[in-house]
Amino acid sequence: MTTLLGALVLALWFGAGQAAADGGSSASQTAGQAAPSGQTADGMGTAYQSGASNNAGSIRVLSPGNDGAVTQSNSTTAGALAANGNKTSQDTTQSQLGGYGSDQSQIAGQAAKNEQDANADATAVQIAPKNDAQAIRVLSPGNGGDVNQSNSATAGAAALNGNETDQTVDQSQGGAGYGSDQSQVAGQAASNDQTADADATAFQVKPSNSASSIRVLSPGNDGDVSQSNSATAIGIAANLNKTDQTTDQSQGGSGHGSDATQVAGQEASNHQNADADATAVQLKPSNTASSIRVLSPGNGGDVSQSNSTTAVAAGLNGNKTDQSIDQSQGGASAPSMLGEKTGYKDPGKGSDSTQIAGQKATNSQTADADATAVQVKPSNTASSIRVLSPGNDGDVSQSNSATAVGIAANGNWTDQSIDQSQGGSYEPSCVRCEYPGEKSGYDKSGYGSDYTQIAGQEASNHQDADAHATAVQLKPSNTNESIRVLSPGNDGDVSQSNSTTAVAAALNLNKTDQSIDQSQAGSGHGSYLQVAGQGAWSKQDADAGATALQFGASNENKPIRVGSPGGGGSVDQSNDVTALAVALNLNETCQRLMQEQTGKGSDALQVGGQGSWDDQRGGAWSRAIQGGKKKHSKR
């Protein structure tokens, strides 16, 4: 089939012509189209933030009043986009009229080639943002303000390629007269090569939020102290291709001693490579609140910290190929009246009809995704010292999450359809007639006419998906220390939630539909031959690995009471380590072959073959490890 398709394309040259054939003349039409496309896109984004600082200091002596809120918000964002888009449409239409003793030929070729390369890199770095509030009160009653800090480092990289190719050939020839030959040759070739690479990296280092309060003979409530930190990296590499090839060949009935030939070939090749990497790192975020009270009754504020480290990588490939060939030939007919004057002794004898069609589709896809999320030593600390200062302490809470998600997915759908139809010869109403209603003297019209249909389809698919996700969480700590001397009151709750999650999914999906429909009809005494073959090959390899590690998580509450009645708060810790790996291959192949022959006194042969091969390999592993954990304590 490859040799046939190559010959069809290489034999064509540029040009176009159209002719109407009269008696004894020849007409030929030749058309060629070529559309090459090459695209490269490169995107890069870098964002850097270092040493952002927000400080508020307040000293009050004999100055009652409330402090205002101290808030800091820091955002570092890097985005990179590299995108290529291409659409190719090729349309060839050829039409010829018929005549006696005339030859007709139509040749059409189309070639489309697409190459796309997209590369995107994004890096976001945030270093040591600091929010600090300090308050000293002496004989100055009043409430302290809230101290809030929000930090985000985000990197997003997207490398995208999109291609659509439409090829259409329409060839039509009118009925030819006696001794006339008709031929139609059409070839279509479409190739697609796409590469997408995306890398996203987000770093967040030592964000700190701190609030300190010293009160002497200054009753009042402390404000809340909260910190929110997020480091997010998202990398997406995606390729999408769609190819439509359509060939329609039609020939009217030919006369006696005439040959009709239709040859059509289609070839579509697709190669896609998607590689995505995402890395998010968060180092030592800290949230600290300290309060010292002497003869200063009042409640302490809540101290809360939320840390999120997220990495998402997706390598995606999608391809859809549609190939359709429709060949139609009218039957060879005898003249309504043959006699000595016609000079033709054997009406319908030696007329041959041939249809040959071949389709080939190849798909190769590789998807790779790697996601890594690392979170190291997030700390949330609250300390309170009370002397002759009744009041309740606030809650101390910390939430930490490290999440890595890697998805590598390939999807392919191939649809091949061939429809071949040939009409048969039929007997003349009268041969050597001398008066109306006389019986024909020739009762073997169409004898010796051969009908041949040959169709072949081949579809091959190769998919490789590789996904890895790693999430690491080290030494998250949540600590509350409280000292009370002659200071009745309740302690707040101390809670910590730690989550480490790694998810890797390697997915391959392929669907192949092949359909051949051959039909021959005739009443003559010739030979009928139908040959059809279908072959589909699929090879899929999926590999997924997920690793989640959590070490040294600690949640501690250390209250000391001297002559200070009151209730202690609850101490809760929740630790979750999850690793999930999924390797999945799905393949569906549908082959349909229908052959139909009708005739009398003729030789008829039908040959059909179908073959389908599927090779799938999947491997998935996951590791979830939790170690060195300090049990939450209360003293």
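In case you missed it, the structure is sitting above this.
Residues numbered from 1 in each chain as written. Predicted model: local features only at pLDDT ≥ 70, side-chain atom pairs only at ≥ 80, totals over all residues. Heavy atoms only, no water.

Undergrad: Could you clarify how one ought to interpret the overall build of the protein in this entry?
TA: A count of helices and strands for the protein gives one helix and 25 strands. The buried share among the 635 residues of the protein stands at 48%. If you take every contact in the protein between residues at least 6 apart in sequence, the share linking residues at least 24 apart comes to 91%. For the protein, the exposed area adds up to about 25000 Å²; of that, 54% sits on carbon and sulfur atoms. (Helix = DSSP H or I, 4+ residues; strand = E, 2+ residues; numbered from the N terminus. Buried < 20%, exposed > 50% of the residue type's maximum accessible area, 1.4 Å probe, protein only. Contact = heavy atoms within 4.5 Å. Areas by Shrake-Rupley, 256 points an atom, 1.4 Å probe, with all protein chains shown as cover.)

Undergrad: How should I be thinking about a positive patch on the surface in this particular structure?
TA: A cluster of basic residues, Lys206, Lys284, Lys377 and Lys475, forms a positive patch on the protein surface. Mapped onto the elements of the fold, lysine 284 is located in the loop between strand S10 (259–283) and strand S11 (286–294). (Patch = residues over 30% accessible without salt bridge, like charges linked within 9 Å, V, L, I, M, F, W, Y side chains within 5 Å. Salt bridge = Lys/Arg side-chain N within 4 Å of Asp/Glu carboxyl O. Lys, Arg positive; Asp, Glu negative; His and termini not counted. Charge placed at Lys NZ, Arg CZ, Asp CG, Glu CD.)

Undergrad: Even after reading the chapter, I still don't get the sheet that holds strand S23 (residues 571–598), so can you show me in this structure?
TA: Backbone hydrogen bonds hold the strands of a sheet together, and the pairing may be parallel or antiparallel. A sheet is described by the order of its strands in space; here seven strands give the open sequence S3-S6-S9-S12-S16-S20-S23, paired in parallel fashion. Both outer strands of the open sheet, strand S3 (70–96) and S23, are each paired with one neighbouring strand and no more. Between one strand and the next, the sheet's axes are offset by a mean angle of 0 degrees, whatever the strand orientation. With 27 bridges joining them, S3 and strand S6 (residues 147–173) adopt parallel strand pairing. Opposite valine 70, over in S6, you have valine 147 as the bridge partner. (Pairing = 2+ DSSP bridges. Axes fitted to C-alpha atoms, helices over the stretch in contact; angles between N-to-C directions.)

Undergrad: Could you clarify how one ought to interpret the packing of aromatic side chains in this entry?
TA: Describing an aromatic ring pair means giving the distance of the ring centres and the angle of the ring planes. Under the defined criterion, the tally for this structure stands at two aromatic pairs. Seen from their ring centres, tyrosine 451 and tyrosine 528 are 5.0 Å apart, and the 5 degrees between their planes marks the pair as stacked. Here tyrosine 451, found in strand S18 (residues 450–474), pairs with tyrosine 528, found in strand S21 (residues 527–551); they are 77 residues apart in sequence, far enough to count as distant. The buried category is assigned to tyrosine 451, whose relative accessible area is 2%. With a centroid separation of 5.0 Å and 5 degrees between ring planes, the pair formed by tryptophan 537 and tryptophan 613 is classed as stacked. Note that tryptophan 537 is positioned in strand S21 and tryptophan 613 in strand S24 (residues 603–627), a separation of 76 residues in sequence. For tryptophan 537, a relative accessible area of 34% puts it in the partly exposed group. The ring of tryptophan 413 carries lysine 320 above its face, with NZ or CZ at 4.4 Å from the centroid. Over the ring of tryptophan 621 we find arginine 623, and its NZ or CZ is 4.4 Å from the ring centre. (Phe/Tyr/Trp six-rings, centres within 6.5 Å; stacked < 30°, edge-to-face > 60°. Lys NZ or Arg CZ within 6 Å of the ring centre and 35° of its normal.)

Undergrad: Help me understand the environment of alanine 620 in this model?
TA: Note that alanine 620 resides in strand S24. With a relative accessible area of 48%, alanine 620 lands in the partly exposed category. C-alpha separation for the pair alanine 620 and alanine 504, spaced 116 residues apart in sequence, amounts to 8.8 Å. Here alanine 620 is in contact with Ala544, Ala581 and Ala583, once residues within four sequence places are set aside.

Undergrad: How do you make sense of the sheet that holds S24 when you look at a structure like this?
TA: Taken in spatial order, the eight strands make up an open sheet running S1-S4-S7-S10-S14-S18-S21-S24, and their pairing is parallel. Bordering the open sheet on either side are strand S1 (26–50) and S24, each of which pairs with just one other strand. Along the sheet, successive strands turn relative to each other by an average axial angle of 0 degrees, direction set aside.

Undergrad: Looking at this structure, how should I read the pattern of salt bridges?
TA: When their charged atoms lie close together, side chains carrying opposite charge are able to pair. Scanning the entire structure with this criterion turns up 14 salt bridges. With its nearest N and O atoms 3.3 Å apart, the salt bridge here joins arginine 137 to aspartate 67. Taken together, the residues arginine 137 in strand S5 (residues 130–138) and aspartate 67 in the loop between strand S2 (53–61) and S3 connect sequence positions 70 residues apart. Exposure class is identical for arginine 137 and aspartate 67. Each is buried. The salt bridge involving arginine 561 is made with aspartate 491; its shortest N-O contact spans 3.2 Å. Here arginine 561 is found in strand S22 (residues 554–562), whereas its partner aspartate 491 is found in the loop between strand S19 (477–485) and strand S20 (494–521), with 70 residues between them in sequence. A relative accessible area of 27% means that arginine 561 is categorised as partly exposed. Within this structure, Arg386, Asp393, Arg484, Asp491 and Arg561 form a network of salt bridges that share partners.

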